[in-house]
Amino acid sequence: MQNNVLILDFGSQYTQLIARRVRELNIYCEIKPYNNPPEDLSSYKAVILSGSPHSVRGEDAPHPDLSQIKGQKPLLGVCYGAQYLAHFYDGEVGQSNTREYGRANLSMVKEGELFFEGVSQGSQVWMSHSDTIKKLPRDGVRIASTNDVENAGYRIEGEDTYAIQFHPEVYHSSDGKQILENFLVKIAGVAQTWTPDAFVDTTVAQLKKQLGDDRVILGLSGGVDSTVAATLLHKAIGDNLYCIFVNNGLLRKNEFSEVLLQYEGMGLNVKGVDASARFLEALEGESDPETKRKAIGRVFIEVFDDESKEVENAKWLGQGTIYPDVIESVSATGGPSATIKSHHNVGGLPDFMKLKVVEPLKMLFKDEVRRVGKSMGLSPSLLGRHPFPGPGLAIRILGDITPEKVRILQEVDHIFISGLREWGLYDKVWQAGAMLLPVNSVGVMGDERTYEKCVALRAVESTDGMTADWVNLPYEFLQKVSNDIINKVKGVNRVVYDISSKPPATIEWE
């Protein structure tokens, strides 16, 4: 039996955080939608039920069949999961007198409970629900309370079934990781064997089996994801991997030549394709963000279709898709959460293209990709490179795309990123870039009035891009960069700094 954990997703914004916390314990887990669980549960040693925006009392409440799980495998219900186990197993869930959101403290933790070993009374937890459990399910035993929530945690007698109304996966639950470790390791007996090295060994073996002697074409971007994906594929199939780096005309300044130079000496077979005119033509006159993303995705596929015909017997298209890409485009593996935006490398291929897709990183978060790359010996400078959106500067130019706008933004971006490096700030920032706004503003240069573009600088700190906060860059740095941009980039007379967090904003502006 494998040491896997199954997370059933009821649409919570926190479901992916559960997965990240579990993996931080060196335990592999998978998220599956509640309405499409795996038919074969034999490889799972434990199951976690996520939270949900739904109420168990609603007509549209998610209601999966747990007959093969509850009482059969160690089971943890979180928030909605806890209310589900109460509501549908002879307990009672009702609307709380007060909405229970934010920080709370455990006022009671039942002594001797292995589930709460190492967790003290008064420990801070994070609540996010408007319903509350008024009566425990049959055979339920209360094991935790807060001042406002009497049944904050319970277990089922005779089963390894536990439930909590708070979210152990969020940062604000101070002992959340300990609680998850108690449940998964001490109660469920899951082995902590999922490491970057183990992932590499398992993935390479799977790729060898999946691909055999087939040839694979992979699109390199110069970033962490595609490079780690290429290295994994190269380990599995060697010279049968053909890498292509496409210049879509929307890269950073000098990036096309610099990236090709970067891959020299890595043993990868890389071909550079300059398709910038083709992309810019497809984007001409387009202002809608989703339309621009889809146009770039379409041309991206067309270019690869053309290039694939140059590789005899190519059968696969390799991609560096990672978990947040999949989550934001189609929700968690087809689950009930909402689409935020389309990603240019997610969603399959058109019928006319005869290549199948292979995505070795699609179940990894960004920080996990970096750890896997480190375990394979990739250079720290490459692994530390900031993420850059697949559509490139197209989604950092608000409104329509023109060659002149691309030139302006490339110059601005170059000054900003170079400045971060020069000031020793680059590695303290998770992602940074500049946005060209669709407005002109009045300025004065010398004795003359100007009416030129405004650019917004953006720098965020994050671990995986799912959430992010703006970075408090030194005023002296921002002053220097602003002056350099206005003085050196013709067409810009105003610079602003974005201090929005994600959520509610996104990292990119489009």
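Keep in mind that what you see is a predicted model, and the values were worked out from it rather than measured.

Quick notes on the rules
- Residues numbered from 1 in each chain as written.
- Predicted model: local features only at pLDDT ≥ 70, side-chain atom pairs only at ≥ 80, totals over all residues.
- Heavy atoms only, no water.
- Helix = DSSP H or I, 4+ residues; strand = E, 2+ residues; numbered from the N terminus.
- Rg over C-alpha atoms; globule rule 2.2 N^0.38 Å.
- Buried < 20%, exposed > 50% of the residue type's maximum accessible area, 1.4 Å probe, protein only.
- Pairing = 2+ DSSP bridges.
- Axes fitted to C-alpha atoms, helices over the stretch in contact; angles between N-to-C directions.
- Core = buried A, V, L, I, M, F, W, Y, C linked by side-chain atoms within 4.5 Å.
- Domains from an automatic or database assignment.
- Contact = heavy atoms within 4.5 Å.
- Disulfide = S-S within 2.5 Å.
- 1 Å grid on protein atoms, 1.4 Å probe; cavity = no way out; pocket = protein on both sides within 12 Å on 5 of 7 lines; lining within 4 Å.
- Points joined across faces, edges and corners; volume = space filled by probe spheres on them.
- Nonpolar A, V, L, I, M, F, W, Y, C, P; charged D, E, K, R; others polar.
- Buried area = accessible area lost by both parts, 1.4 Å probe.
- Salt bridge = Lys/Arg side-chain N within 4 Å of Asp/Glu carboxyl O.
- Polar contact = N/O pair within 3.5 Å; in protein donor to acceptor, adjacent residues only side chain to side chain.
- UniProt positions renumbered as here; feature names shortened; annotations may be inferred.
- Phe/Tyr/Trp six-rings, centres within 6.5 Å; stacked < 30°, edge-to-face > 60°.

(A) Inspection of the overall build of the protein chain at higher detail. Scanning the protein chain for helices and strands turns up 13 helices and 18 strands. Compactness check: the protein chain gives a C-alpha radius of gyration of 25 Å against a globular reference of 24 Å for 510 residues, within 12% of the reference. With the C-alpha coordinates of the protein chain rotated into their principal frame, the extents come out at 75 × 65 × 40 Å. Across the 510 residues of the protein chain, 57% fall into the buried class.

(B) Local environment of the sheet that holds strand E10 (residues 215-220). Read from one edge to the other, the open sheet built from 5 strands follows the order E12-E11-E10-E13-E14, with strand pairing classed as parallel. The open sheet has two edge strands with one neighbour each: strand E12 (270-274) and strand E14 (356-358). When strand polarity is set aside, the average angle formed by the axes of neighbouring strands in this sheet is 30 degrees. Relative to strand E11 (residues 241-247), E10 is paired through 5 bridges, and the arrangement is parallel. Counterpart to Val216 in the pairing with E11 is Leu241.

(C) Representation of the nonpolar core. The biggest cluster of nonpolar side chains holds 50 residues, and the ones touching the most others in it are Val412, Phe416, Leu420, Leu457, Leu473 and Ile485. Looking at this core element by element, the count peaks at 8 residues for helix H12 (residues 403-422). Two domains share this core, each providing at least three of its residues, namely domain 2 (196-383) and domain 3 (403-497). Beyond its immediate chain neighbours, meaning those up to four positions away, Leu420 contacts His386, Leu425, Tyr426, Ala432, Leu473 and Phe477. Counting 39 residues, the second largest nonpolar core, distinct from the first, contains Ile27, Val109, Leu184 and Ala188.

(D) Broad picture of the state of the cysteines. Throughout the structure, instances matching the rule amount to 0 disulfides. Take Cys29: it sits in no disulfide, and the sulfur closest to it among the cysteines is that of Cys79, at 19 Å. Take Cys29: its relative accessible area is 1%, and that puts it in the buried class.

(E) Structural detail: empty space enclosed by the protein. One pass over the full model with this rule turns up 2 cavities of 30 Å³ or more. The calculated volume of the second largest cavity comes to roughly 30 Å³. Lining the second largest cavity are Arg396, Gln431, Ala432, Gly433, Met435, Arg458, Val460, Ile507 and Glu508. Elements that contribute at least two residues to the lining of the second largest cavity include exactly strand E15 (431-445) and strand E16 (448-461). A total of 4 residues in the lining of the second largest cavity trace back to one element, the largest contributor, which is E15. Partitioning the lining of the second largest cavity into residue classes produces 4 nonpolar, 2 polar and 3 charged.

(F) Just the domain arrangement of the protein chain, in detail. Examined at the domain level, the protein chain breaks down into domain 1 (5-187), domain 2 (196-383) and domain 3 (403-497). Facing the 13 residues of domain 2 at the interface are 13 residues of domain 3. The junction of domain 2 with domain 3 conceals about 1000 Å² of combined surface from both sides, 56% of it contributed by carbon and sulfur atoms. Summed over the shared surface of domain 2 and domain 3, the result is 2 salt bridges. One salt bridge in this structure joins Lys253 and Glu411, with 3.2 Å as the shortest N-O distance. The tally of links from domain 2 across to domain 3 stands at 4 residue pairs in polar contact (both at pLDDT 80 or more). Secondary-structure elements contributing two or more residues to the side of domain 2 that touches domain 3 are helix H9 (323-330) and helix H10 (366-375). Looking at the side of domain 2 that touches domain 3, its residues break down into 6 nonpolar, 1 polar and 6 charged.

(G) Just the UniProt feature "active site" (unreviewed entry) in the protein chain, in detail. UniProt tags Cys79, His167 and Glu169 as "active site" (unreviewed entry). The largest pairwise C-alpha distance within this set of annotated residues, which runs over 91 residues, is 11.1 Å, so the set is compact in three dimensions. Its location among the elements puts Cys79 in the loop between strand E4 (75-78) and helix H2 (80-87). Mapped onto the fold, Glu169 is located in the loop between strand E9 (161-164) and helix H3 (176-187).

(H) The arrangement of the packing of aromatic side chains in detail. If you walk through the whole model with that rule in mind, you get 14 aromatic pairs. The interplanar angle of 45 degrees and the centroid separation of 5.1 Å between the aromatic rings of Phe10 and Tyr80 together place this pair among those described as tilted. Of this pair, Phe10 sits in the loop between strand E1 (4-9) and helix H1 (15-24) while Tyr80 sits in helix H2, placing them 70 residues apart in sequence. Note on Phe10: relative accessible area 0%, which makes it buried. On the numbers, 6.3 Å between centres and 40 degrees between planes, the contact of Tyr80 with Tyr84 is tilted. Highlighted residues: Tyr80 and Tyr84, both in helix H2, separated by 4 residues, approximately one helical turn. Given a relative accessible area of 1%, Tyr80 falls into the buried group.

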